[in-house]
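Residues per chain are reported as follows:
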There are 2 protein chains.
Amino acid sequence: MIEKLSPHASRLPKSMTDRPYHHGNLREAIVAAALDVLGDKEPSELSLRDLARMVGVGHSALYSHFRDRGELLAVIAGEGFRILLLELRHALGKGTQDPLAALVTAYLHFARTNPAHYRTMFRPESAAPENAIHVEEWCGGCFQTLLSTLKEQRHLPEEKAFDCAVGIWSTLHGLALLGDAAGPLHQKVPKENEVDLAINFANALVGAE
Amino acid sequence: MIEKLSPHASRLPKSMTDRPYHHGNLREAIVAAALDVLGDKEPSELSLRDLARMVGVGHSALYSHFRDRGELLAVIAGEGFRILLLELRHALGKGTQDPLAALVTAYLHFARTNPAHYRTMFRPESAAPENAIHVEEWCGGCFQTLLSTLKEQRHLPEEKAFDCAVGIWSTLHGLALLGDAAGPLHQKVPKENEVDLAINFANALVGAE
DNA sequence: AGTCAATCCGTCCAGTGGTCAGATTGTTGC
DNA sequence: GCAACAATCTGACCACTGGACGGATTGACT
């Protein structure tokens, strides 16, 4: 009376094991799961096998979509820069009086809202030359957005705008990391007026020389 | 004719296996080995077992000196801040005309000379509350050094000096990380005049408001 | 000499990233 | 409609890691 079924062909009560052999969009699902995990874990704790389990798939299936762990991290990083770019543009889009302040605010907001994801974006693995294709693309877009704002809104000449963009991004990046709850200087960096502080810093750098 | 010897009591030709049972200063040796490894590897690639092998000791011996991997990383981080503090003080010691510029130069020099060690110092594990005892100590010392310089040399009032110190450190930290060969913005950040740029940034922040 | 705590050893375990041959599928050409 | 093909997924396997454990070795102290 007991039917012997191949483990895959079994059509039991339609629960369990009824998922199709092919997932359909494993790649997106894995990235989404990774972003979910990064909600409360460090990038170093992110396990490929965990992700596979979450999505309900054998862990070796991931290697059909990502060469290795490093490439997955790079994809996550690229996705982060893509989202960041969208938010930066969105901040500029609604005609604010001070575009630079809007950029600073949006940048810090992103970093504070997704700290682990933010850290992933700047991990060495994510920037490794063989992985960084999309990272360069979106990251460069973010830089260009800042650069253009400085040139067009603040009327800075090319060279000075470039240096200024580097300085501002550095300050934002440092502030985001140092003020992070996981940073050793966490207690020193003020949290409430952090954004105002950053805006002052940015303006000081623009007005220098 | 073949002597059966306990693996430890064996006094063969005095080569191999003649090391004493107790290492003597395993803790320092491990930290030193770790710093050596960090010369050309990422902190995430640092393996406790590798360190044990380098020092010639069973890998479980490490747990007599460090609770776990996190504590070892924290110790390494603390050591980094200790060295950084020494170098900052040394930079101030030889009566330069511009103490702030000297600090900036020394800071970036340290970060560029020991990139992997520098990254370790700001890892989340290193700042975890149960590990961060010594980190806080030396790291706080570095901050105080910067703060004092701003107050005494630039005659800034307490509050402003504090904000300024946060801004300058953020800029230096961001610049150090973004300009790092492993950073996604590596190409954007200029390398040759990086220090001059940073000094300009610092002065701009001091002179702001 | 005898006791004690620190240090170190070997072994064991669960978990990880990665590889590989083979099973399962959608698609493409006939 | 069907055969071939390429993409995807599986389960088993490997080397390795961090960590836990009982027991061995040792220096120091009484």
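If you're wondering where the values come from, they're calculated on a predicted model, not measured in any experiment.

1. Structural notes on the relation of the copies chain B and chain A
Part 1: Rotating chain B by 180° about the axis while translating it 0.0 Å along that axis superimposes it on chain A, leaving an RMSD of 0.0 Å. In the structure described here, the two chain copies are related by an operation that fits a two-fold rotation axis.
Part 2: Both copies present the same face, since 100% of the interface residues in chain B are matched by interface residues at the equivalent positions in chain A.

2. Here's the deal with the protein's contact with DNA strand D
Part 1: Within the structure, DNA strand D sits among 21 residues, and A:H23, A:G58, A:S60, B:D68 and B:R69 are positioned closest to it.
Part 2: Counting residues per element, the surface near DNA strand D draws most heavily on helix α2 (residues 48-55) of chain B, which supplies three residues.

3. Structural notes on unusual backbone geometry
Part 1: The phi dihedral of A:H155 falls on the positive side, at around 55°, and the residue is not glycine.
Part 2: Assignment of secondary structure puts A:H155 in the loop between α7 (133-153) and α8 (158-178).

4. Side note on the interface of chain B and chain A
Part 1: Listed by partner, the interface residues are 35 residues for chain B and 35 residues for chain A.
Part 2: For the side of chain B that touches chain A, the secondary structure elements donating two or more residues are α6 (124-127), α7 (133-153), α8 (158-178) and α9 (194-206) of chain B.
Part 3: The greatest single-element share of the side of chain B that touches chain A, amounting to 12 residues, is contributed by α8(B).
Part 4: When its residues are assigned to classes, the side of chain B that touches chain A shows 22 nonpolar, nine polar and four charged.

5. Quick word on the confidence of the model for chain A
Part 1: Per-residue pLDDT for chain A has a mean of 90; in total, 91% of the residues score no lower than 70.
Part 2: The least confident element of chain A, judged by mean pLDDT, is helix α6 (residues 124-127) of chain A at 90; the most confident is helix α4 (residues 99-113) of chain A at 98.

6. With respect to the domain arrangement of chain A
All names here are of chain A.
Part 1: Looking at chain A, the domain boundaries give domain 1 (20-65) and domain 2 (69-207).
Part 2: Each of domain 1 and domain 2 was reduced to a C-alpha centroid, and the two centroids are 27 Å apart.
Part 3: Opposite the eight residues of domain 1 that make contact, domain 2 presents 11 residues.
Part 4: Here the element with the most residues in the side of domain 1 that touches domain 2 is helix α1 (residues 26-37); it accounts for three residues.
Part 5: Across the side of domain 1 that touches domain 2, the residue classes break down as six nonpolar, no polar and two charged.

7. Quick word on the packing of helix α3 (residues 69-93) of chain A against α4(A)
Residues and elements named next belong to chain A.
Part 1: Packing of α3 against α4 leaves a shortest axis separation of 9 Å and a crossing angle of 145°. Crossing of α3 against α4: the hand is right-handed. On the side of α3, the interface is formed by L84, E87, L88, A91 and L92, while α4 contributes P99, A102, L103, T105, A106, Y107 and F110.
Part 2: Looking at the contact of α3 with α4 residue by residue, the class counts come to 10 nonpolar, one polar and one charged.

Reading the values: the criteria
Each residue is numbered by its place in its chain's sequence as written, counting from 1. Chains and ligands are labelled by the order in which they are written, letters from A for the one and numbers from 1 for the other. With the structure being a predicted model, the display of local features is reserved for residues of pLDDT at least 70 and the display and counting of side-chain atom pairs for 80 or more, all residues being used for whole-chain, interface and lining totals. Fitting of the copies onto one another was done by least squares over C-alpha atoms, counting residues only where both copies have pLDDT of at least 70. Each residue is represented by a C-beta atom placed from its backbone, and any two residues with such atoms within 7 Å are regarded as in contact. Using the backbone to place each C-beta atom, any residue with that atom within 6 Å of a molecule or strand is considered near it. Numbered from the N terminus, helices here are DSSP runs of H or I no shorter than four residues, and strands are runs of E no shorter than two. Residue classes follow a fixed rule: Ala, Val, Leu, Ile, Met, Phe, Trp, Tyr, Cys and Pro count as nonpolar, while Asp, Glu, Lys and Arg count as charged, and any other residue, Gly among them, counts as polar. Think of pLDDT as the predictor's per-residue confidence, scored from 0 to 100. The domain boundaries here were taken from an automatic or database domain assignment. Each axis is a line fitted through C-alpha atoms, and for a helix only the stretch in contact is used; angles between axes span 0 to 180 degrees, taken between their N-to-C directions. Left-handed is the label given to a crossing in which the near helix is rotated counterclockwise from the far helix by less than a right angle, and right-handed is the label when the rotation is clockwise.

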